[in-house]
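# Fold and contact review
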Amino acid sequence: QVQLVESGGGLVQAGGSLRLSCAASGRTFSNYAVGWFRQAPGKEREFVAGITRTGGKTSYADSVKGRVSISRDNAQNTVYLQMNSLKPEDTAVYYCARDLNTYRSEVPLRPGQYDVWGQGTQVTVSS
């Protein structure tokens, strides 16, 4: 059973940076795209960034484009989310998730296209 564990969240001032990590168990992690989502209180879970299985394609939400970078190290079974110039509106619980399908050529954007989720890590940005 694959498990995803997020880490790296915390409290940061506006303009600061955080690097989130998503560590996966299982030998086939490199066969799947991975996405980062976030959910703020009272709001729906939204796509933040995603990366295909080889890292050849990435996708970002407009709200984070230019401030966020996703990368992966398949040898370490880990996906990273580097977040810079953080804003108070970035405050949320951040989740990583594994694609429902293997070998997808594009980054899936909807939560329903992912089947394995981590427990989430809290990111709080103070003004």
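Scroll up to find the structure this text is about.
Right, let's walk through the structure included here.

## Structural notes on the pattern of salt bridges
For the structure on display, the rule yields 7 salt bridges. Between R104 and D99 there is a salt bridge, with its nearest N and O atoms 2.6 Å apart. Salt bridges linked by common partners bring R38, E46, R67 and D90 together as one network.

## Concerning the sheet that holds strand β3 (residues 18–24)
If you walk across this open sheet you meet the 4 strands as β1-β3-β8-β7, and the pairing is antiparallel. The sheet is open, and its two edges are formed by β1 (4–7) and β7 (68–73), each paired on a single side. Each strand of the sheet is rotated relative to its neighbour by a mean of 15°, with strand direction disregarded.

## A look at the state of the cysteines
All told, the structure shown has 1 disulfide when counted by the stated rule. Through a disulfide, C22 is tied to C96; the S-S separation comes to 2.1 Å. Across the disulfide from C22 to C96, rotation about the S-S bond amounts to roughly 70°, and the bridge is consequently right-handed. Within this pair, whereas C22 is found in strand β3, its partner C96 is found in strand β9 (residues 92–102), the two being separated by 74 residues in sequence. Exposure remark for C22: the relative accessible area of 0% places this residue in the buried category. Classification of C96 as buried rests on a relative accessible area of 0%.

## What to know about the side chain of R98
Checked against the element boundaries, R98 lands in strand β9. Other than its neighbours up to four places away in sequence, R98 contacts V2, L4, Y32, A33, Y114, D115 and V116.

## Here we look at the packing of aromatic side chains
The full count for this structure, using the stated rule, is 5 aromatic pairs. Judged by centre distance (5.6 Å) and plane angle (80°), the ring pair of F37 and F47 falls under edge-to-face. Taken as a pair, F37 in strand β4 (residues 32–39) and F47 in strand β5 (residues 46–51) lie far apart in primary sequence, 10 residues in all. For the pair shown, F37 and F47 are each scored as buried. Plain terms: the ring middles of Y95 and W117 are 6.5 Å apart, the flat faces sit at 75° to each other, and that makes the pair edge-to-face. In this pair, Y95 sits in strand β9 while W117 sits in strand β10 (residues 114–117), placing the two residues 22 residues apart along the sequence. Using a relative accessible area of 26% as the deciding quantity, one classes W117 as partly exposed. Site record: aromatic cluster; members linked through ring pairs are F37, F47, Y95, Y114 and W117. A cation over an aromatic ring shows up here: R45 above the ring of Y95, its NZ or CZ 3.9 Å from the ring centre. Over the face of the ring belonging to F29 we find R72, whose NZ or CZ atom lies 4.9 Å from the ring centre.

Basis of the calculations
- Residues numbered from 1 in each chain as written.
- Predicted model: local features only at pLDDT ≥ 70, side-chain atom pairs only at ≥ 80, totals over all residues.
- Heavy atoms only, no water.
- Salt bridge = Lys/Arg side-chain N within 4 Å of Asp/Glu carboxyl O.
- Pairing = 2+ DSSP bridges.
- Helix = DSSP H or I, 4+ residues; strand = E, 2+ residues; numbered from the N terminus.
- Axes fitted to C-alpha atoms, helices over the stretch in contact; angles between N-to-C directions.
- Disulfide = S-S within 2.5 Å.
- Buried < 20%, exposed > 50% of the residue type's maximum accessible area, 1.4 Å probe, protein only.
- Contact = heavy atoms within 4.5 Å.
- Phe/Tyr/Trp six-rings, centres within 6.5 Å; stacked < 30°, edge-to-face > 60°.
- Lys NZ or Arg CZ within 6 Å of the ring centre and 35° of its normal.

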